[in-house]
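Coordinate inspection notes
The chain contents come next:
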Amino acid sequence: MIAGWRRRGLASARRSKRRTAVVLAALVVLVLVIAEVAADVVDSGRRAAVVSAQTYVVEVIPVIDESIMLASTMHLVRDDAASLDRVGLVGALGRLVAGTSDNLTQLQTLGIPAPTARAQHLLEATLAARADGARMLTGGIALATGPSAVQARSRAAALIVGAGRELMRGDDDYRSFVLSLPSASGRGRLPASRWVGDPPAWSAASVTTWVALLSSMPKLQVREDLTIVAVTVQPPVVRITGLPTTTTTTSTTSTSTSTTTSTSTTTSTTLPGASTSSTTTSTSTSTTTSTSTSTTTTTLQVPPAGSTSVLPPTKQVSVVLVVANAGNVAISGIWASGSVVAEPPSGRNRKPRPATHTASVRIGRLVPGASVEVTLPTLAVVSGDAYTLWASVGTGRLPRAPVTTAPTGGVGKTDMVMIKVAAG
């Protein structure tokens, strides 16, 4: 009995050892599998991070290229402002301010995250500094070339020096941004982007000299100038009295062996609806050389002082103005006005002087070089009476009474035309 028990006990021990060995082997295999899977996951994540970083670099290159292009506009303003006029300078500054702001927005809406939060912050800081610098530079130049340029020189210089500091800070942030990217991201593909190549040019001494130059250049100073290009009325003028005449004579010579024709034409023209002409033709049968002469007398469309434009019989007249911005800056709040002021009656039978009438309209805003045609509301007149017609343009409050002098403030113009309404 004792021997049989021992045999059964030994068999059970051997089976337990085998099971333990199998379990241990399974555990080793499982650990190896887990380790391999984990390595694959880590390697896959690393490859994905590299691909994401490379994609980010590719996507930000156009943003940086745009910033580089804007740098050329900044250098045009800073280095070659003397070669620009006011319109060109304002246009360049407008492109610079709008472009840097759009450039920052373009980065912020890229939709692809940077490899690190630090890299994202540095590139945003770069473009933000350049946008701030563009605004400060524009503000300084506006002071240096504005109406109070001499008094504002110190403030203008301070703004421009501050702009230089912002632009140099942006350059430093960009260099740090490139270095912050992983080496496997392809950061070597990023273009160099440096806005300030000569830091001393943005020092207080250099900027002060530049501001003095800007403020001394007449072509860069603000010039507001509204002008009246033409004044016409409806109904149209039928004739103008008291005008000087201009005579033009031309001669032509021809030879004929049989018939000679000499033609003389005289034409007298005022305005549409008031032209007359006469033509005389004579013919002879001998061989001769003849010279024909034509004489044309033409009145001016814009009557000079001392003349009177005569209208057909009417009870109302409309004034039509062509207004232009002849300055170098945009002008807002523009108005146009027309008035008829009756002339004092003459002779024994003096009748009461007719009332004065004024019509004004708001034009709005005109950029430099722009013009607009404006038809004012009708003005009441009396047939047989003479009037002084005042036409004016200006800015500010809309006039309610006749404007008989140039508007105050230096912006605007007033023209005067004598008119007479024919008796009906």
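From a predicted model like this one, the values you see are computed outputs, not experimental measurements.

As a further point, take the packing of aromatic side chains. Applying the stated criterion to the full structure yields one aromatic pair. Judged by centre distance (6.0 Å) and plane angle (40°), the ring pair of Tyr 174 and Phe 177 falls under tilted. Placement of the pair is Tyr 174 and Phe 177 together in helix α4 (residues 153-180), with a separation of three residues, close to one helical turn. Overall, the relative accessible area of 4% leaves Tyr 174 in the buried class. Relative accessible area serves as the criterion here: at 0%, Phe 177 is assigned to the buried category. Of note, Arg 78 hangs over the ring of Trp 202, and the distance from its end group to the ring centre comes to 5.4 Å. Residue placement shows Arg 78 over the ring face of Trp 210; its charged tip is 4.3 Å from the ring centre.

With 32 residues, the main nonpolar core has Leu 321, Val 340 and Leu 389 as its most contacted residues. Among the secondary structure elements, those contributing two or more residues to this core are β1 (226-234), β8 (316-325), β9 (331-342), β10 (357-366), β13 (386-395) and β14 (412-421). When residues of this core are assigned to their parent elements, the largest contribution, five residues, is made by β9. Apart from residues no more than four positions distant in its own chain, Leu 389 is found in contact with Val 231, Val 233, Val 319, Ser 339, Val 340, Asp 415, Met 416, Val 417 and Ile 419. Core analysis: the next-biggest nonpolar cluster, separate from the first, contains 30 residues, Leu 89, Val 161, Leu 167 and Leu 214 among them.

This part is about the packing of helix α3 (residues 117-144) against helix α5 (residues 204-215). Their axes nearest at 8 Å, the elements α3 and α5 cross at an angle of 50°. The angle between α3 and α5 falls in the class oblique. Residues Leu 137, Ile 141 and Ala 144 of α3 touch α5, and the partners they reach there are Trp 210, Val 211, Leu 214 and Ser 215. Its residues assigned to classes, the contact of α3 with α5 shows six nonpolar, one polar and no charged.

What follows concerns the sheet that holds β14. Ordered in space as β2-β7-β14-β13-β9-β10, the six strands form an open sheet in which the pairing is mixed. Because the sheet does not close on itself, it has two edges, and the strands there are β2 (239-241) and β10. Geometrically, the sheet is characterised by an average inter-axis angle of 25° between neighbouring strands, direction not taken into account. Relative to β14, strand β7 (residues 308-311) runs parallel, the two sharing four bridges. From the neighbouring strand, Leu 311 faces β14, where its bridge partner is Val 421.

Looking now at the pairing of β9. Across a regular strand the side chains alternate sides, sitting on one face of the sheet and then on the other. Burial analysis of β9 places 10 of its 12 residues in the buried class, which makes it a mostly covered element. Judged from the eight bridges that link them, β9 and β10 form a sheet pairing that is antiparallel. By the bridge assignment for β10, Ile 334 is matched with Gly 364. Relative to β13, β9 runs antiparallel, the two sharing nine bridges. Residue pairing across strands places Val 341 opposite Thr 388, the latter belonging to β13.

Right, let's talk about unusual backbone geometry for a bit. A cis amide bond, omega 5°, links Gln 234 with the succeeding residue Pro 235. With respect to the element layout, Pro 235 can be found in the loop between β1 and β2.

Our next topic: helix α2 (residues 86-108). An α-helix turns once per 3.6 residues; consequently, residues spaced three or four apart project the same way. The terminal C-alpha atoms of α2, which comprises 23 residues, lie 34 Å apart, in line with the 33 Å expected from a rise of 1.5 Å per residue. Burial in α2 covers these residues: Arg 86, Leu 89, Ala 92, Leu 93, Leu 96, Gly 99, Thr 100, Asn 103, Leu 104 and Leu 107.

The next thing to look at is the packing of α2 against α3. Across the interface, α2 lies against α3 with an axial gap of 9 Å and an inter-helix angle of 160°. Between α2 and α3, the angle falls in the class roughly antiparallel. The element α2 and its partner α3 pack so that their crossing is left-handed. Contacts between α2 and α3 involve Leu 89, Leu 93, Leu 96, Val 97, Thr 100, Ser 101, Asn 103, Leu 104, Leu 107 and Gln 108 from the first element and Leu 123, Glu 124, Leu 127, Ala 128, Arg 130, Ala 131, Ala 134, Arg 135, Leu 137, Thr 138 and Ile 141 from the second.

Right, let's get into the pairing of β14. Here β13 runs beside β14; their pairing, made up of nine bridges, is antiparallel. Within β14, the position partnered with Trp 390 by the bridge is Met 416.

On to the side chain of Gln 221, then. Within the element layout of this structure, Gln 221 appears in the loop between α5 and β1. A relative accessible area of 15% means that Gln 221 is categorised as buried. From its side chain, Gln 221 meets the backbone oxygen of Met 217 in a polar contact 2.9 Å long.

With that settled, consider the side chain of Thr 100. With respect to the helices and strands, the residue Thr 100 is situated in helix α2. A relative accessible area of 3% places Thr 100 in the buried class. A distance of 3.1 Å separates a polar side-chain atom of Thr 100 from the backbone oxygen of Val 97. Once residues within four sequence positions are removed from consideration, Thr 100 is found in contact with Leu 70, Arg 130, Ala 131, Ala 134 and Trp 195.

Per the stated rule, a full pass over the model turns up four salt bridges. Among the ionic pairs, Arg 169 bridges to Glu 166, the shortest N-O distance being 2.5 Å. With Arg 169 and Glu 166 both in helix α4, this residue pair falls three residues apart, about one helical turn.

The rules behind the values
- Residues numbered from 1 in each chain as written.
- Predicted model: local features only at pLDDT ≥ 70, side-chain atom pairs only at ≥ 80, totals over all residues.
- Heavy atoms only, no water.
- Phe/Tyr/Trp six-rings, centres within 6.5 Å; stacked < 30°, edge-to-face > 60°.
- Helix = DSSP H or I, 4+ residues; strand = E, 2+ residues; numbered from the N terminus.
- Buried < 20%, exposed > 50% of the residue type's maximum accessible area, 1.4 Å probe, protein only.
- Lys NZ or Arg CZ within 6 Å of the ring centre and 35° of its normal.
- Core = buried A, V, L, I, M, F, W, Y, C linked by side-chain atoms within 4.5 Å.
- Contact = heavy atoms within 4.5 Å.
- Axes fitted to C-alpha atoms, helices over the stretch in contact; angles between N-to-C directions.
- Parallel < 35°, antiparallel > 145°, perpendicular 65-115°, else oblique.
- Nonpolar A, V, L, I, M, F, W, Y, C, P; charged D, E, K, R; others polar.
- Pairing = 2+ DSSP bridges.
- Expected span 1.5 Å × (residues − 1).
- Left-handed = near helix turned anticlockwise from the far one by under 90°.
- Polar contact = N/O pair within 3.5 Å; in protein donor to acceptor, adjacent residues only side chain to side chain.
- Salt bridge = Lys/Arg side-chain N within 4 Å of Asp/Glu carboxyl O.

Scope: geometric values only; no functional claims are made or implied.
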